[in-house]
Each structure stands twice: as structure tokens, then as C-alpha cells.
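If you want the building blocks of each chain, they are given just below.
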There are 2 protein chains.
Amino acid sequence: MDNDQLIGLDWGTSSLRAYLLDANGTIVEQLDARAGVQRIERGQFLGAFETLCAPWLRARGDLPAVACGMIGSRHGWRETSFLPVPAGLDDLCGALTWLDDLAGRRFAIIPGVCTDPDAAFSDVMRGEETQVFGALEAEGLREAHLLLPGTYSKWVRAERSRIRSFRTFMTGELFDVLSSHSILGRLFRRPEPEFDLPAFKLGLDRIGEDPQALTSLLFTTRAEALLDRMQPPALPSYLSALLIGAELSAISDELRDGLPLLVVANPDLTWRYGLALDHYGWRWQAARGLPAARGMAAIAHRTGLLRV
Amino acid sequence: MDNDQLIGLDWGTSSLRAYLLDANGTIVEQLDARAGVQRIERGQFLGAFETLCAPWLRARGDLPAVACGMIGSRHGWRETSFLPVPAGLDDLCGALTWLDDLAGRRFAIIPGVCTDPDAAFSDVMRGEETQVFGALEAEGLREAHLLLPGTYSKWVRAERSRIRSFRTFMTGELFDVLSSHSILGRLFRRPEPEFDLPAFKLGLDRIGEDPQALTSLLFTTRAEALLDRMQPPALPSYLSALLIGAELSAISDELRDGLPLLVVANPDLTWRYGLALDHYGWRWQAARGLPAARGMAAIAHRTGLLRV
């Protein structure tokens, strides 16, 4: 086989993104499906992969594949390990899980990363490690803070091109469950109204002044509306700011070392977190390109799955 | 009518508790129903009241009634006002909402209490104000901190027998929505396992050391289990401690004035919060009796609904 192409799979909880990568790690084509791990029954992962990637597999039946994300979790295709920090790209390459039931196709799942066994408390990531290495490579950085916001927002400290430490915040999921299942969401309008900048800044200011009081400030999302001090369309932006602001307040001590802060996210989240970082006076830069694809290409290069 | 008896209704979101009170404010009988405001359609409140209290109404058709709680909210029987702090028992008595469509029966709904219009941010309560005055009277206190834990945990500062200020924490609802709707709950066992004291204390210690980091520590509830550092039956106690500890950390500055701290709750919650307060070294005392019934009796006495 002439290993000049590779399928990279960013296979998360809710979605599956497939990249056809060339020998330079450039994205030739991209295919997306709502085929996240939580939507697929055990035993159906091969079928989901072959269905989405059929156009590529018809042309080249022996294309190798690399996958990152929740596909390597307990509820994914095959449970893979967590590598403890400090973890570098070579550590990931040495701990790939190879699927051996694919009729000759080479298919590797990238492990997750976890905290050190001696750490004060535990944390885990799956998928973000691949984005981290892709983003560091794209920016030519060896030392940085990386913020990967989302359902489980990750803050990563990279040192000598390795993941030195990291921390998860449940920011996105808290916003979702409070909006959908708590009393706060009862006053929210559907569909979600336009972003409200004054309400967002008010939320940032309040949580910034009293970051310990999040679980109390959350309730003001309801009380401000009941007392007619805030209109319902402003509430989601206010709630979002309280949660993002709590995250930034908790991490702020670690940002004072002056290392660059790289935000790795889609444009919407980059913009929203960028507003909050600017509001608190933190310098940051947005990661370019698609770090997950770049990280998978880097691993494929190092393991010979893709010609350098 | 010989006003020597009264029906007191503690009518909340999920349940309705009815007390038959004598002229001393003593509870003669109690009836409970799962007839909370959210379970009753508009227009059906009178029926729910008459059904539950039928045994008393058959004997004494003209019994007056006083109600507190969410029955006075937008989704209740009749929306009542919020009185701004500082609010005393006489202020509540002067702002009762009288239902006038009950064929001669005297029926009053107690207003809620809200923050001052000039306050930095808004907060509201409905029902807890009645418990506060009942508890203060029962303990013979005029100045105190009162903690009313629950779905929306309230911290109240009483000064000269009035509610001077208060603050709500979403502790109970956060526990519920995270257990039922977030990734944390996926590792929880049903039914809820027995309380785990070491996990509870570990959670208190961790949030106590870094109270700003709640939304990150919440995620450790999952990570500790994934890395086999905590067993699934311990997780709910750990999560509970993070949320209760965040509440106590946020309020701790206000407790340093040395006033008595009165915990007004059912025995389970009193015990759980008591453990946490003891762990952090705060002195507290449990409120006796049924403060809601006592508060309603006090209001009935002052308004002539019940003979003194």
C-alpha cells in the first residue's frame, strides 16, 4: 500500500467528523455525521464508519484510519487507556490501540490522557489531547496554555511540547442542564434569543466580583426576571456569562505566568470566550485550522501510517 | 364565628401540607398531599384545598385559612406581591392577599419577600419568610442567621425580628439536575446508595480549599470513578458535599459576626448540613417544631383570624 492518504476520525459523544488527509496532513475532503458514540449501539461502530466513509473506501479499500475522542471510551468501539501526564505526542503514538478485526485495514484509536496517580484529584480527557498537539504544531509553540471550551471545557498547560497538567470545567453541560431542566430555563424563550452583550458583561462582572458565589448568582438569573430587572431574552447570555466567568476566575492564577493562551474552538465559542477574556483583560490568540485533523496526521506520520 | 381554629397551608411547588391550628397556634391535626402548585391546573386550587381539608371543613364549614409558599406565585392560585427587605411580621400582615371568591370563607395568602430595589442584584423567596418568623418566635430570637436548606437553599439575616437580607443558593436543584441529566449521574446507582461519610468529607475539604473551582471540581465526581479512585456508591455523597461546601464557603464571611445560626429543615437535611457546618467549625442550632405552622399562627393572631 502506498501510504499517501489517511482517514482521520474525530469521533465524539454526539458527532463523527471524518477527514481524508494527504501525505502533507492537508484535508482533502471532510464528511460529518450525527453518529456520535452515544447514538450508536455496541457492535455498530464498523458499520457507521463504513457508511460515512463509503465514498473514500470505494476508491481505496485499504485506507488506514486513526480515531480520537469518545470512540475510545467504555461506551465506544474499544476502550483504550488513559495516559498519565506528562504526556507527549510520542507517548500517544506508543499507546495506540489497534483494532485487529478489520480484515487487514490498519485502524488505530488514540488513548486519552489523565492526571498523575499522585495528583490531588482526578481528571480525564479523550480527544482534546489530539487537538492540543495539532494546535501546538500549527502555531509552532512548545509552551502554552490552551483553552478548549465546550461541554467539558479543558484548560491545558503544555510544557516542552507535552501536556503537563490540565483541568476540566463543566461549563457547557451546566448551561445545557440548567437551561433544559432547572427552574432557570422556565423563563427562557425558544429558540434561544440573540446574544445580549450588556447582560453578558453584567454576568461577567458579578461572578468576577464574587467567584465563590456561583450557585447563588445562578439563581439571580430567575430573580432578576421576576423583579422585572432583566428581560427574558437577556437571560441565556447572563447565565452563560456567569458560568464562563466562573471558569475564568478559577483558572486566572495559572494564567499569570505570561505564556501565550491559545483558544481552540469553533468560531462561535472562540468569539464568546474571547469576549470574556477581553473583558477580564487576558491576552489570547485563536488557534488556526482544524487541530484535531492536524494532530491525527502528526500521529500517523510518526507511526508510519502516513508517509512523511 | 368563634375564631378559635385556623387552617394553615404550607403550599409549595411539589407538596401541600395542611395544619389545623388551635388558638394557641398548636397543631391539632396535619394532612399532607402531593398537590404542589406544579401538579395543579389553573382553576383547580379551590378543589384541591377542599378535597384535602374535607374532614375539617365538614365539621366547621367556616374555618378561616392562611397559606404561604408558591401558592402565591404566578403559577399558583393568585399571584401575590414580594415585599422588599427589611420586612417584619407586621409588614407581611399588612400585605396579605385576600381571596374574595370563597363564599364568605376568609382565606389569606402571605406575600413573598424580595431584595431591595437598590440592591446589587435580585433575590426572591416565597414561603421561607413564614418559616423564618415562626422559627425566630419559637427560639425567642430577634437577631440571627437562618439557614433554610433545600432545592433553593436560603440564608437569611434577621435583625430586630425583621428579615434584613437574604441569599438563595441553587444547591438542591443543582444536585438533582446533575444527578438526573448530566454525565455525572450516569455512574450513579439507583436507588441512591447509603450516605458515604469519607466521600462527603473529602468533597467538603476539596471545595473548601478552592471554592472558586466548583464547576471544575464537579467533574472530578466522574473522573475519580473513571480512574478507580472512588467507587460509584460514594459519588452522590461526594457531589452533595461539593455543592453544600460551595454554599457554606460563599456565605462564611457573613457568619463571622457571632450571631446564632439557626438551621430550619427536615431531620435529614438538618443532619447533612450539620455535618458540613461542624466540619468547617461553625456553631449552629436546629430549629424546633414546625416553623411554617408557627409563622402562620403568628400572622393569624395579628390579623384577628385566630383568637389570641
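A brief report on the enclosed structure follows.

Each value, and the rule that gives it
- Residues numbered from 1 in each chain as written.
- Chains lettered and ligands numbered in written order.
- Predicted model: local features only at pLDDT ≥ 70, side-chain atom pairs only at ≥ 80, totals over all residues.
- Heavy atoms only, no water.
- Axes fitted to C-alpha atoms, helices over the stretch in contact; angles between N-to-C directions.
- Helix = DSSP H or I, 4+ residues; strand = E, 2+ residues; numbered from the N terminus.
- Parallel < 35°, antiparallel > 145°, perpendicular 65-115°, else oblique.
- Left-handed = near helix turned anticlockwise from the far one by under 90°.
- Contact = heavy atoms within 4.5 Å.
- Nonpolar A, V, L, I, M, F, W, Y, C, P; charged D, E, K, R; others polar.
- Expected span 1.5 Å × (residues − 1).
- Buried < 20%, exposed > 50% of the residue type's maximum accessible area, 1.4 Å probe, protein only.
- Polar contact = N/O pair within 3.5 Å; in protein donor to acceptor, adjacent residues only side chain to side chain.
- Pairing = 2+ DSSP bridges.
- Salt bridge = Lys/Arg side-chain N within 4 Å of Asp/Glu carboxyl O.

**Here's the deal with the packing of helix H8 (residues 235-255) of chain B against helix H9 (residues 267-280) of chain B**
Residue and element names in this part refer to chain B.
Point 1. As a packed pair, H8 and H9 sit with axes 10 Å apart at the nearest point and diverge in direction by 60°. Comparing the axis directions of H8 and H9 gives the class oblique. Remark: the crossing between H8 and H9 carries right-handed chirality. Residues Ser240, Ile244, Gly245, Glu247 and Leu248 of H8 form the contact with H9, whose participating residues are Arg272, Tyr273, Ala276, Leu277 and Tyr280.
Point 2. Considered class by class, the residues forming the contact of H8 with H9 number 6 nonpolar, 2 polar and 2 charged.

**Details of the side chain of serine 153 of chain A**
Point 1. Structurally, the position occupied by serine 153 of chain A is in strand S12 (residues 153-159).
Point 2. Apart from residues no more than four positions distant in its own chain, serine 153 of chain A is found in contact with Leu147, Leu148, Arg167, Thr168, Phe169, Thr171, Glu247 and Tyr273 of chain A.

**Things to note about helix H6 (residues 197-209) of chain A**
All names here are of chain A.
Point 1. The end-to-end C-alpha distance of H6 is 18 Å, a good match for the 18 Å that 13 residues give at a rise of 1.5 Å each.
Point 2. Looking only at H6, the buried set comprises Ala199, Phe200, Gly203, Leu204, Arg206 and Ile207.
Point 3. Elements in contact with the buried residues of H6: helix H7 (214-226), helix H8 (235-251) and helix H9 (267-280).
Point 4. By the N-cap criterion, in which a side-chain oxygen at the helix start approaches the backbone nitrogen of a residue two or three places on, H6 is capped by aspartate 196, the distance to alanine 199 being 2.9 Å.

**What about the pairing of S12 of chain A?**
All names here are of chain A.
Point 1. With respect to burial, S12 is a largely interior element, 6 of its 7 residues being buried.
Point 2. Of the strand pairs in this sheet, strand S11 (residues 144-148) and S12 are connected by 5 bridges, and their pairing is antiparallel. Each bridged residue has a counterpart across the sheet, and for leucine 147 the counterpart in S12 is tryptophan 155.
Point 3. Bridge analysis of S12 against strand S13 (residues 162-169) gives 7 bridges, and the strand direction is antiparallel. Its bridge partner lying in S13, glutamate 159 is registered against arginine 162.
Point 4. Following S12, the chain reverses through 2 residues before pairing antiparallel with S13; arginine 160 in that reversal takes a positive phi of roughly 50°.

**Some thoughts on the sheet that holds strand S14 (residues 261-263) of chain B**
Point 1. Taking strand neighbours across the sheet as the criterion, the 6 strands line up as S6-S13-S12-S11-S14-S15 (chain B) in an open arrangement whose pairing is mixed. Here the strands that pair on one side only, and so sit at the sheet edges, are strand S6 (87-88) and strand S15 (285-286) of chain B.
Point 2. Here S14 of chain B pairs with S15 of chain B via 2 bridges, running parallel. Within S15 of chain B, the residue paired with valine 263 of chain B across the bridge is alanine 286 of chain B.
Point 3. Sheet strands in contact with H7 of chain A are strand S12 (153-159) and strand S13 (162-169) of chain B, and its direction is about 100° off that of S13 of chain B.

**Some thoughts on the sheet that holds strand S10 (residues 124-125) of chain B**
All names here are of chain B.
Point 1. Ordered by their spatial adjacency, 3 strands build an open sheet running S5-S9-S10, and the pairing between neighbours is mixed. Two strands lie at the open edges of the sheet, namely strand S5 (82-84) and S10, each paired on one side alone.
Point 2. Relative to strand S9 (residues 112-114), S5 is paired through 3 bridges, and the arrangement is parallel. Paired with phenylalanine 82 across the two strands is glycine 112, which belongs to S9.

**Description of unusual backbone geometry**
Point 1. Cis peptide bonds are those with omega within 30 degrees of zero, and the linkage from arginine 190 of chain A to proline 191 of chain A qualifies with -10°.
Point 2. For proline 191 of chain A, the position within the fold is in the loop between helix H5 (171-181) and H6.
Point 3. Note the cis peptide between valine 85 of chain B and proline 86 of chain B, where omega equals -5°.
Point 4. Position of proline 86 of chain B relative to the elements: it lies in the loop between S5 and S6.
Point 5. Even without being a glycine, serine 161 of chain A presents a positive backbone phi close to 65°.
Point 6. Secondary-structure assignment places serine 161 of chain A in the loop between S12 and S13.
Point 7. By relative accessible area, serine 161 of chain A is classed as partly exposed at 27%.

**Considerations on the side chain of arginine 167 of chain A**
Point 1. With respect to the helices and strands, arginine 167 of chain A occurs in strand S13.
Point 2. On the basis of relative accessible area, arginine 167 of chain A is assigned to the buried category, the value being 11%.
Point 3. Among the polar contacts listed, one links the side chain of arginine 167 of chain A to the side chain of aspartate 210 of chain B, at a separation of 3.4 Å.

**Side note on the pattern of salt bridges**
Residues and elements named next belong to chain A.
Point 1. Using the criterion set out here, one finds 28 salt bridges over all chains in the structure.
Point 2. The salt bridge involving aspartate 91 is made with arginine 162; its shortest N-O contact spans 3.2 Å. You can see aspartate 91 sitting in helix H3 (residues 89-94) and its partner arginine 162 sitting in strand S13, a full 71 residues away along the chain.
Point 3. With its nearest N and O atoms 3.4 Å apart, the salt bridge here joins aspartate 253 to arginine 256. For the pair aspartate 253 and arginine 256, one class covers both residues: exposed.
Point 4. One continuous salt-bridge network, built from bridges that share partners, spans Arg157, Glu159, Arg164 and Asp257.

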